[in-house]
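The residues making up each chain are set out below.
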Amino acid sequence: MKSVKVGDYMATQLVTFHRDDNVVKAMGELLDKKISGAPVVDSEGNLVGILSEVDLMEIVIQDSYYDESMGIVADYMQPDVDVVDPDTDIYTLAERFHKEHRRRYPVVKNGRLVGQISRRDVLRAARGFLMHSDRKTRGTR
């Protein structure tokens with residue numbers, strides 16, 4: 001089985017937010033980009049949290065009780081984020097996705113956000129390996 005690294009398949013063009021971004025604008029960006037969450041970084045690109053649709057449900061709940069400004073990303077983001085190293089093997093990550101039922105992981109090297117890897121990225125990588133393996137098998141018949 002071929003070993004490939006997360007860094008070979010991760011997305012590097014990411015929507016990111018900063019702690020002090022307006023949370024309603026951040027919600028709009030997630031909706032406009034049709035994504036369910038985005039990493040939150042500091043001015044040096046270090047990962048400091050993640051903001052997801054689930055986190056933003058708090059805004060809907062608060063809006064039903066109060067009629068006031070909704071705040072900033074830091075008020076709603078999750079500061080504790082499970083991450084992946086770019087040198088992690090794709091197969092090891094597939095096991096982790098299977099066990100933890102996550103959609104994606106930020107990819108971090110030395111504290112800095114360098115990308116993001118999703119279940120779909122892993123499936124794309126596997127499809128390439130499986131198609132190559134299938135061709136080899138058919139060629140030996």
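The model shown is predicted, which means the values in this text are computed figures rather than measured ones.

*Asks:* Teacher, can you tell me more about the overall build of the protein chain here?
*Replies:* Check the secondary structure of the protein chain and you find 4 helices and 4 strands. Ordered by position from the N terminus, the helices and strands of the protein chain form the series α-β-β-α-α-β-β-α. Here the protein chain, with 141 residues, has 33% of them falling under the buried criterion. Sequence separation of 24 or more characterises 57% of the internal contacts of the protein chain that already satisfy a separation of 6 or more. In the structure as shown, the protein chain presents an accessible area of about 9,400 Å², 49% of it carried by carbon and sulfur atoms.

*Asks:* Looking at this model, I keep getting lost on helix α1 (residues 23–33). Mind explaining?
*Replies:* An α-helical turn contains 3.6 residues, so a residue and the one three or four places further along point in the same direction. Among the residues of α1, those classed as buried are Val23, Ala26 and Leu30. Take α1 and look down its axis: the buried residues cluster within an arc of 55°, on one side only. Exposed residues lying more than 90 degrees from the buried face of α1 are Lys25, Leu31 and Asp32. If you check the start of α1, you find a side-chain oxygen 2.8 Å away from the backbone N of Val24, and it comes from Asn22. One or two positions beyond α1, positive phi appears at Lys34, with a value near 60°.

*Asks:* What is the right way to read helix α3 (residues 90–100) from this model?
*Replies:* Burial in α3 covers these residues: Ile90, Leu93 and Phe97. Seen from one end, α3 has its buried residues packed into an arc of 55°, which puts them on one side. What points out from α3, more than 90 degrees from its buried face, is the exposed set Glu95, His98 and Lys99. Structurally, the start of α3 carries an N-cap: the backbone nitrogen of Tyr91 is 2.7 Å from a side-chain oxygen of Asp89. Of the residues one or two after α3, His101 is the one with positive phi, at around 55°.

*Asks:* Looking at this structure, how should I read the nonpolar core?
*Replies:* One broad rule of soluble globular proteins: the nonpolar side chains tend to lie buried together. The biggest cluster of nonpolar side chains holds 15 residues, and the ones touching the most others in it are Phe17, Val40, Leu51 and Val73. Only α1, β1 (37–41), β2 (47–52) and α2 (53–65) provide two or more residues apiece to this core. The dominant element in this core, judged by the number of residues it contributes, is α1, at 3 residues. The residues touching Val40, leaving out its near neighbours within four places in the chain, are Phe17, His18, Arg19, Asn46, Leu47, Val48, Gly49, Ile50, Leu51, Val73 and Met77. In terms of nonpolar packing, the next biggest core, distinct from the first, is built from 13 residues, Val84, Ile90, Leu93 and Ile117 among them.

*Asks:* Explanation requested: a nonpolar patch on the surface in the structure shown.
*Replies:* On the surface, Met57, Val60 and Ile61 cluster together to form a nonpolar patch covering roughly 280 Å² of accessible area. Its place among the elements puts Met57 in helix α2.

Rules of the game
- Residues numbered from 1 in each chain as written.
- Predicted model: local features only at pLDDT ≥ 70, side-chain atom pairs only at ≥ 80, totals over all residues.
- Heavy atoms only, no water.
- Helix = DSSP H or I, 4+ residues; strand = E, 2+ residues; numbered from the N terminus.
- Buried < 20%, exposed > 50% of the residue type's maximum accessible area, 1.4 Å probe, protein only.
- Contact = heavy atoms within 4.5 Å.
- Areas by Shrake-Rupley, 256 points an atom, 1.4 Å probe, with all protein chains shown as cover.
- Arc of directions from axis to C-beta.
- Polar contact = N/O pair within 3.5 Å; in protein donor to acceptor, adjacent residues only side chain to side chain.
- Core = buried A, V, L, I, M, F, W, Y, C linked by side-chain atoms within 4.5 Å.
- Patch = residues over 30% accessible without salt bridge, like charges linked within 9 Å, V, L, I, M, F, W, Y side chains within 5 Å.
- Salt bridge = Lys/Arg side-chain N within 4 Å of Asp/Glu carboxyl O.

Function-wise, these values are silent; they only describe arrangement.
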